[in-house]
Amino acid sequence: MRIAQVAPLHESVPPQAYGGTERVVSYLTEALVELGHDVTLFASGDSVTSATLVAGAPRSLRLDERRPDAVVWHTILMGQVLKAAAAFDIIHFHTDVVQLPLVALCETPCVSTAHGRLDLPDLKPLFRCFAHHPMVSISDSQRQPLPWLNWIATVHHGVPAGLYSFHPQPQDYFVFVGRISPEKRPDRAIEIAKACGTPLRIAAKVDAADREYFHSKIEPLLGDPLVTFVGEVGDAAKNDLIGNARALLMPIDWPEPFGLVMVEALACGTPVIAYAHGSVPEIIEDGVTGFVVEHQEQAIAAARNVARIDRRRCRAEFEQRFTSAVMARQYLEIYRQLVAAPVAACH
């Protein structure tokens, strides 16, 4: 099958450090190539892939010191995709909403995966205009704000089976991985670790929009001897950082669309302690691969008892449900259905 994958340009594919959507696009692209398909990846020019790369921008926008205009470069990207559309059997977009006007003009079947939160007020009138376009959710909970969209499947993210290794014996620390932001609640993670008397390592990036929150709310908490701020980390460092932890702390305070770090933890055999928001109950089985909690008292109790979780079961659950090969096979079934359907149904 001739498949186009269209990635955002904010990060490279895969990203050099933090970047959930671009990381998943990379995993999916490589898995599809490995399965023998002809894949073209539309992404930033500094991306690395075994597929055919079409550069929508010279390099990832976030790391470009010139601070390029994202709207301009994503408009260029959409033009490239539309021009090449006839060369593909299916075009798979991961670009939020900028592709929506394009799909109505495209004779090649198109599908979009929603990677972000969908409860923002402006999204409702926008998607009303494009309600027939086939959409894939990354969790069932993600759909709740817009249940009337043309949802054709839910596909959970997957990670290459060999990317993270199983760590049977943890060291004595917890880990927090992600973004420093109010909705991710690193302050809760620090509180949990301090209550347990257990060191906490925070591996996270600070976006420009969250710098004030970091400086005013989180930075003052980093002076505690139990807390170590690591900053952004790549896959190689993440393997041991997460794998050697007693647990991944994910005390979120928002409707998490997926939370790829939970799957990365399971791949390492590391249990997850997370608040029951968004996708969490779909990914973590309470008492089996971690603990799903409602408040800090439960979170602290779970952290104190996390040794009860069988780390081998965490890895086994990952291998059964969350590898990139599993994800790719699920998307291939979607592609085949859309290619077999009348083109009008895809717009």
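Please refer to the structure placed before this passage.
Residues numbered from 1 in each chain as written. Predicted model: local features only at pLDDT ≥ 70, side-chain atom pairs only at ≥ 80, totals over all residues. Heavy atoms only, no water.

I would appreciate a short explanation of the overall build of the protein chain in the present structure.
Each helix and strand counted, the protein chain has 12 helices and 13 strands in total. Taking 347 residues into account, the globule formula puts the C-alpha radius of gyration at 20 Å, and the protein chain, at 20 Å, falls close to it. The principal-axis extent of the C-alpha atoms belonging to the protein chain is close to 60 × 40 × 35 Å. The 347 residues of the protein chain split such that 53% are buried. Accessible surface computed for the protein chain: about 14,400 Å², of which carbon and sulfur atoms make up 53%. Distance from the positive charge centre (31 side chains) to the negative charge centre (39 side chains) of the protein chain: 2 Å. (Helix = DSSP H or I, 4+ residues; strand = E, 2+ residues; numbered from the N terminus. Rg over C-alpha atoms; globule rule 2.2 N^0.38 Å. Buried < 20%, exposed > 50% of the residue type's maximum accessible area, 1.4 Å probe, protein only. Areas by Shrake-Rupley, 256 points an atom, 1.4 Å probe, with all protein chains shown as cover. Lys, Arg positive; Asp, Glu negative; His and termini not counted. Charge placed at Lys NZ, Arg CZ, Asp CG, Glu CD.)

Looking at this structure, how should I read the sheet that holds strand S5 (residues 110-113)?
Working definition: the strands of a sheet are paired by backbone hydrogen bonds and lie parallel or antiparallel to each other. Ordered by their spatial adjacency, seven strands build an open sheet running S3-S2-S1-S4-S5-S6-S7, and the pairing between neighbours is parallel. Taken across any chain shown, the strands that pair with only one partner, and hence form the sheet edges, are strand S3 (52-57) and strand S7 (151-154). Going across the sheet, the axis of each strand differs from the next one's by a mean of 20°, ignoring polarity. Two strands pair when backbone bridges link them, and strand S2 (residues 38-44) and S3 are joined in this way by five bridges, in the parallel orientation. Opposite Leu 41, over in S3, you have Leu 53 as the bridge partner. Along the sheet face, helix H12 (residues 324-340) touches strand S1 (2-6), strand S4 (90-93), S5, strand S6 (135-137) and S7 and points at about 130° away from the line of S4. (Pairing = 2+ DSSP bridges. Axes fitted to C-alpha atoms, helices over the stretch in contact; angles between N-to-C directions. Contact = heavy atoms within 4.5 Å.)

Explanation requested: the packing of aromatic side chains in the structure shown.
Each aromatic ring pair is summarised here by two numbers: the centre-to-centre distance and the angle between the ring planes. What the rule picks out here adds up to three aromatic pairs. With a centroid separation of 6.0 Å and 80° between ring planes, the pair formed by Phe 42 and Phe 88 is classed as edge-to-face. Of this pair, Phe 42 sits in strand S2 while Phe 88 sits in the loop between helix H2 (70-84) and S4; the two residues are 46 residues apart in sequence, bridging distant segments of the chain. Neither residue differs from the other here; Phe 42 and Phe 88 are each classed as buried. Between Phe 214 and Phe 229, the ring centres sit 5.5 Å apart and the planes meet at 40°, which makes this aromatic pair tilted. Pair noted here: Phe 214 is in helix H6 (residues 211-218) and Phe 229 is in strand S10 (residues 227-229), with a separation of 15 residues, a long-range link. Relative accessible area serves as the criterion here: at 9%, Phe 214 is assigned to the buried category. Taking relative accessible area as the criterion, Phe 229 reaches 32% and is therefore assigned partly exposed. Geometry around Tyr 173 places Arg 201 over its ring, the cationic atom sitting 3.8 Å from the centre. (Phe/Tyr/Trp six-rings, centres within 6.5 Å; stacked < 30°, edge-to-face > 60°. Lys NZ or Arg CZ within 6 Å of the ring centre and 35° of its normal.)

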